[in-house]
Amino acid sequence: TMELVQLDEKIEDGTPIAIIDTTLGEIRAVLYPEYAPEAVKNFTELAESGYYDNTYVFHSEKGVYSAAGCPNKDGSLSDGFDQSRELVKRETHQNLWPLKGALCSLTTTFDQTFIQKFTGGGTYYCGSRFALLNTAEVTKEVTDEIYKLSESEELSSAFADKGGIPAFAQNISIFGQAYKGLDVIEALSNLETEEKTEQATKPPVEDIRIISVKIGTYSAEEEKTSSENK
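Residues numbered from 1 in each chain as written. Predicted model: local features only at pLDDT ≥ 70, side-chain atom pairs only at ≥ 80, totals over all residues. Heavy atoms only, no water.

## Regarding empty space enclosed by the protein
A full pass over the atoms with the stated rule returns two cavities of 30 Å³ or more. In this structure, the largest cavity spans a volume of roughly 50 Å³. Every residue along the wall of the largest cavity is listed here: A39, N42, F43, L46, Y52, V88, S105, G127, S128, R129, F130 and F175. Of all the elements in the fold, those that place two or more residues in the lining of the largest cavity are α1 (37–48) and β7 (123–133). Grouping the amino acids of the lining of the largest cavity by side-chain chemistry returns seven nonpolar, four polar and one charged. Along its surface, the second largest cavity is lined by E91, T92, H93, L96, Q170, I172 and I174. (1 Å grid on protein atoms, 1.4 Å probe; cavity = no way out; pocket = protein on both sides within 12 Å on 5 of 7 lines; lining within 4 Å. Points joined across faces, edges and corners; volume = space filled by probe spheres on them. Helix = DSSP H or I, 4+ residues; strand = E, 2+ residues; numbered from the N terminus. Nonpolar A, V, L, I, M, F, W, Y, C, P; charged D, E, K, R; others polar.)

## Quick look at the packing of aromatic side chains
One pass over the structure, following the stated rule, counts eleven aromatic pairs. An angle of 90 degrees between the planes, with centres 5.6 Å apart, marks the rings of F43 and F130 as edge-to-face. Taken together, the residues span a long stretch of sequence, with F43 in helix α1 and F130 in strand β7 at a distance of 87 residues. We note that F43, like F130, is buried. Each ring, one from Y65 and one from F168, has its centre 6.0 Å from the other, and the planes form 65 degrees; the classification is edge-to-face. Of the two residues, Y65 sits in strand β4 (residues 65–70) while F168 sits in the loop between α4 (153–162) and β8 (173–180), which places them 103 residues apart along the sequence. A residue is classified by how much of its surface remains accessible, and Y65, at 18% relative accessible area, is buried. One aromatic cluster in this structure is built from F43, Y51, Y52, F81, F130 and F175. (Phe/Tyr/Trp six-rings, centres within 6.5 Å; stacked < 30°, edge-to-face > 60°. Buried < 20%, exposed > 50% of the residue type's maximum accessible area, 1.4 Å probe, protein only.)

## Focus on the nonpolar core
By size, the foremost hydrophobic cluster in this structure holds 28 residues, and its most contacted members are I20, Y52, L103 and F130. Secondary-structure elements contributing two or more residues to this core are β1 (16–22), β2 (25–31), α1, β7, β8, α5 (182–188) and β9 (209–217). Those residues within four positions of I20 in sequence are excluded, and the remaining contacts are G25, E26, I27, L103, F130, L132, I210, S212 and V213. V5, Y32, C104 and I172 belong to the second largest nonpolar core, which has 18 residues in total. (Core = buried A, V, L, I, M, F, W, Y, C linked by side-chain atoms within 4.5 Å. Contact = heavy atoms within 4.5 Å.)

## Some remarks on the pattern of salt bridges
Taken as a whole and assessed by the stated rule, the structure comprises twelve salt bridges. The salt bridge involving E223 is made with R28; its shortest N-O contact spans 2.8 Å. Here R28 lies in strand β2 and E223 lies in helix α6 (residues 220–228), a separation of 195 residues in the sequence. Each member of the pair, E223 as well as R28, carries the same accessibility label: buried. Residue E86 pairs with R129 through a salt bridge whose shortest N-O separation is 3.1 Å. Here the residue E86 occupies a position in the loop between β4 and β5 (88–89), and R129 occupies one in strand β7, the gap between them amounting to 43 residues. With respect to burial, E86 and R129 carry one shared label: buried. One salt-bridge network, held together by shared partners, links E26, R28, K180 and E223. (Salt bridge = Lys/Arg side-chain N within 4 Å of Asp/Glu carboxyl O.)

See the structure below:
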């Protein structure tokens, strides 16, 4: 019953999207409120409030992914920030996978009851900061393992053809997929970074910022006009 919606090339008019404007260029991503409603809600409300305006790309993992949407360059949150925004339950769905171009909500904490510490289980929470996935090395051994676990040739082929980070599968909240700006995502994950920070992040040496995040709906006519004007 799995449907790999991130591979859909045709986007219907009216589909919710995010337009992420960075100092390295623009990224446009489809949002999936039907599969990750709380993550999309949190992201959308923060974007519409202007929270992401002029925030930092605070982590660049060589060739693999970048993390962004933080007011401080080291990835730390400012005093007084609404902590409820950091306690959104992780959402995973069989239709969403950590393919190249995925827009994800970063995990903030893990909560276990006393009993769960012995029996297993617990709840992961995500927050305001987000990741843009580029790709790890996806070998045939990896795709064979994906097929063995999922019994889906389409999924293993998607990782082989598109790229992504298989180790994140069903371990991170995915709530969007970029359909424009993959070159920007690649650039954001290949920045020269500082050696060490207290937050264990890898901030770019040069300040790279999210200029704004705008929420809208997809319009084929508007996309055509936008492309023609560039």
